[in-house]
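Listed below are the residues making up each chain.
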Amino acid sequence: MTDQKQDQVLIFDTTLRDGEQSPGASMTHDEKVEIATLLDEMGVDIIEAGFPIASPGDFAAVSDIAKAAKQAQICGLARAAISDIDRAWEAIKHSQRPRIHTFIGTSPSHRGITGMSMDDMADHIHNMVTHARNLTDNVQWSSMDATRTEHDFLKRTVEIAIKAGATTINVPDTVGYTAPRESAELIRMLIAEVPGADEVIFATHCHNDLGMATANSLAAVEAGARQIECTINGLGERAGNTALEEVVMALKVRNDIMPYQTRIDTSRIMHASRMVASVSGFAVQYNKAIVGKNAFAHESGIHQDGMLKNAETFEIMRPEDVGLAETSLVMGKHSGRAALRSKLENLGYELGDNQLKDVFVRFKDLADRKKEVYDEDLVALMSDQTTSAGHDAIRLAEMEVRCGTTGPQTCTMVLLVEGEAQRAETTGDGPVDATFNALKEMVPHTARLALYQVHAVTEGTDAQATVSVRLEEDGKIVAGQSSDTDTVVASAKAYINALNKLMVRREKSAPEELAG
Ligand code: KIV
Ligand code: ZN
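Parameters and conventions
- Residues numbered from 1 in each chain as written.
- Chains lettered and ligands numbered in written order.
- Predicted model: local features only at pLDDT ≥ 70, side-chain atom pairs only at ≥ 80, totals over all residues.
- Heavy atoms only, no water.
- Helix = DSSP H or I, 4+ residues; strand = E, 2+ residues; numbered from the N terminus.
- Rg over C-alpha atoms; globule rule 2.2 N^0.38 Å.
- Buried < 20%, exposed > 50% of the residue type's maximum accessible area, 1.4 Å probe, protein only.
- Lys, Arg positive; Asp, Glu negative; His and termini not counted.
- Charge placed at Lys NZ, Arg CZ, Asp CG, Glu CD.
- Expected span 1.5 Å × (residues − 1).
- Contact = heavy atoms within 4.5 Å.
- UniProt positions renumbered as here; feature names shortened; annotations may be inferred.
- Polar contact = N/O pair within 3.5 Å; in protein donor to acceptor, adjacent residues only side chain to side chain.
- Salt bridge = Lys/Arg side-chain N within 4 Å of Asp/Glu carboxyl O.
- Axes fitted to C-alpha atoms, helices over the stretch in contact; angles between N-to-C directions.
- Parallel < 35°, antiparallel > 145°, perpendicular 65-115°, else oblique.
- Left-handed = near helix turned anticlockwise from the far one by under 90°.
- Nonpolar A, V, L, I, M, F, W, Y, C, P; charged D, E, K, R; others polar.
- Pairing = 2+ DSSP bridges.
- Core = buried A, V, L, I, M, F, W, Y, C linked by side-chain atoms within 4.5 Å.
- pLDDT = per-residue confidence, 0-100.

On to the overall build of the chain. Across its full length, the chain carries 17 helices and 18 strands. A compact globule built from 516 residues would reach a C-alpha radius of gyration of about 24 Å, and the chain, at 24 Å, matches this within 12%. Its C-alpha atoms give the chain principal-axis dimensions of about 75 × 60 × 40 Å. The 516 residues of the chain split such that 56% are buried. Computed over 51 positive and 76 negative side-chain charges, the inter-centroid distance for the chain is 2 Å.

Printed below as a string of structure tokens:
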């Protein structure tokens, strides 16, 4: 039960906008909709679904998310330009609770880029917020690079935005430059000195360049900000954005000294983290707070002894609080469909009957090859499902690889391309190289392999390998991922996954250079 005396802090998730701007983190339409659905279900108050004017693909994703959302406000980003604002509105207007978010860089260097004087910019802000406000009564204004903007000019821009009708004022630390005390003082100063400040919600939006995004966001809340802008896993350009899981769990665990509430169902955090890691291709570092593989692992002898005697000795939160079920043996090849459904539900996956049928076939196939199937194996199986490009034009039919100490290594592969079987026999500098050469022969492309990464899903020599690849072609970046007990097969499937996404991306225009 929410304690009514406690202050509510709104969680504004920008994984699909600022997070997706991280080079290489681009997501497909269906992946975005799936992530948004999960964010909505887990209690995110506002979902920034994208930048509708950036490309037709961005527009379509924001629009579909707006139509599907049940609880969350759906926000579209717009530069301070009529065309951007109108396009954002077109994309979100079907949502039950649409929000337009418009911004301009107000610091000296940003003013230099736009060539606007302070007076010109002040007028422009008035006009743009007024325009947005004529479309909806839910308007968010951001003074980009606020933490490096002269205080007098920042106060002036915020006052103009409030007078023009903005209902949320965002104060971004665009380059991750501020520190906790300064972050708090800035918010306190704006609330105390800007006329009308008591009628709006102040938001904090921090980047993590100096590793202080979480601390800066929490300091801003203590000074009066009531909206935190963040991303799952801290995904975002450069060092990323404030991590949703960190601020939410900090407010929950240290509620004694930070008495603020969020609406987030924290038991969905792990599921969201895994989904974002797998679709973005940005693996979570092992020692990442809250969602890292080691976050709840107590390896050292001293810790283990303490844990056995009393879990609270070293544990400030329980794994189940973030939705981390204990690693357990799941099932073997004799397990039935109902057991699989119930296990997947425990892990956070709700499946329709047809989806379950498909997953069950793949589960049986895995159980045939791998005696012990763990939770992590099922998560990997489900990730393969999530990252599919939808209609997969290219499918792997069969492959055989010869490797060993005497090269060159060889690959014989049969692909189904738009339903037609094609065959290639190639050599390479190692089995993976030979495999990728086969794919290049059958699906000619100029994309550069920008990332190739392998992770073991569990321990043991029969463990599945999760392979992530990133392909880059003419500025378009796509990520592919797949898991298999055979690392080279996983590599081939991950590459094919990326190629399928590339086909889809080729049909859409490349996104423009966006904001920070
Ligand atoms: O970091 C930033 O300033 C942004 C704005 C667009 C809000 O992402
Ligand atoms: Zn940002």
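Okay, helix H6 (residues 118-135) next. Helix length check: H6 (18 residues) gives 26 Å between terminal C-alpha atoms against 26 Å at 1.5 Å per residue, within 8%. As for H6, its buried residues are in contact with helix H4 (82-92), strand E5 (98-105), helix H5 (108-114), strand E6 (139-144) and helix H7 (151-164).

As recorded in UniProt, the sites labelled "binding site: Mn(2+)" (unreviewed entry) are Asp18, His205, His207 and Asn241. Taken together, the annotated residues stretch across 224 residues yet fold into one region, lying no more than 10.4 Å apart by C-alpha. If you trace the backbone, Asp18 turns up in helix H1 (residues 15-19). You can call Asp18 buried: its relative accessible area is 0%. Within the element layout of this structure, His207 appears in the loop between strand E8 (201-206) and helix H9 (213-222). Residue class for His207 comes out buried when judged on its relative accessible area of 1%. Reaching out from His207, the side chain makes a polar contact with the side chain of Asp18 at a distance of 3.2 Å.

What follows concerns the UniProt feature "domain: Pyruvate carboxyltransferase" (unreviewed entry) in the chain. Mapped onto the present numbering, the UniProt feature "domain: Pyruvate carboxyltransferase" (unreviewed entry) falls at residues 9-270. Across residues 9-270 one finds 45% helix and 18% strand; the C-alpha atoms that close the span lie 21 Å apart.

Looking now at the pattern of salt bridges. In this structure the tally under the stated criterion is 31 salt bridges. With a closest N to O distance of 3.4 Å, Asp7 and Arg226 form a salt bridge. Placement of the pair is Asp7 in strand E1 (residues 7-8) and Arg226 in the loop between H9 and strand E9 (227-230), with a sequence separation of 219 residues. Between Asp377 and Lys370 there is a salt bridge, with its nearest N and O atoms 2.9 Å apart. The exposure class of Lys370 is buried, given its relative accessible area of 1%.

Contact geometry of H4 with H6 gives a least axis separation of 10 Å together with a crossing angle of 20°. The angle between H4 and H6 falls in the class roughly parallel. The crossing of H4 and H6 is right-handed. In contact with Ile82, Ile85, Asp86 and Trp89 of H4, H6 contributes Met128, His131, Ala132 and Leu135. Tallied by class, residues from the contact of H4 with H6 come to 6 nonpolar, 1 polar and 1 charged.

Here we take up the sheet that holds strand E18 (residues 476-484). The 3 strands are arranged E16-E17-E18 in an open sheet whose pairing can be described as antiparallel. The sheet terminates laterally at strand E16 (448-456) and E18, the two strands that pair on one side only. Adjacent strand axes in the sheet meet at a mean angle of 15°, parallel and antiparallel pairs treated alike. When E16 meets strand E17 (residues 465-473), the two strands line up antiparallel, connected through 8 bridges. Bridge pairing links Gln453 to Ser468 in E17.

For the rest of this paragraph, the subject is the nonpolar core. Among the nonpolar cores identified, the biggest contains 87 residues, and Met42 and Ile169 are the most heavily contacted of them. Element by element, the count of residues in this core is highest for H7, at 7 residues. Counting residues in hydrophobic clusters, the runner-up holds 30 residues, among them Ala393, Leu415, Val489 and Leu502.

Right, let's talk about the side chain of Lys288 for a bit. Mapped onto the fold, Lys288 is located in the loop between helix H11 (269-280) and helix H12 (301-309). Setting aside residues no more than four positions away along its own chain, Lys288 makes contact with Asn233, Ala243, Glu245, Glu246 and Ala295.

Per-residue confidence for the chain gives a mean pLDDT of 91, with 92% of residues at or over 70. Across residues 1-5, confidence stays below pLDDT 50; counting only partners more than four residues off in sequence or on other chains, it has 3 contacts. The model gives residues 509-514 a pLDDT under 50, and that stretch makes 12 contacts with residues more than four places away or in other chains.

This part covers the packing of H7 against helix H8 (residues 180-193). Viewed as axis vectors pointing N to C, H7 and H8 meet at an angle of 55°, and their least axial separation amounts to 11 Å. In terms of axis orientation, H7 runs oblique to H8. Seen along the crossing, H7 lies across H8 with a hand that is right-handed. For the pair H7 and H8, contact is made by His151, Leu154, Lys155 and Val158 and by Leu186, Met189, Leu190 and Glu193, respectively. A per-class count over the contact of H7 with H8 returns 5 nonpolar, 1 polar and 2 charged.

As for its position among the elements, Asp13 is in strand E2 (residues 10-13). Classification of Asp13 by relative accessible area gives buried; the value is 0%. Considering only alpha carbons, one finds Asp13 and Asn497, 484 residues apart in sequence, at a separation of 27 Å. Those residues in contact with Asp13, other than ones at most four positions away along the chain, are Leu39, Val44, Ile46, Ile47, Glu48, Cys230, Thr231, Ile232 and Leu244. Among the polar contacts made by the side chain of Asp13, one reaches the main-chain amide nitrogen of Thr15 at a distance of 2.8 Å.

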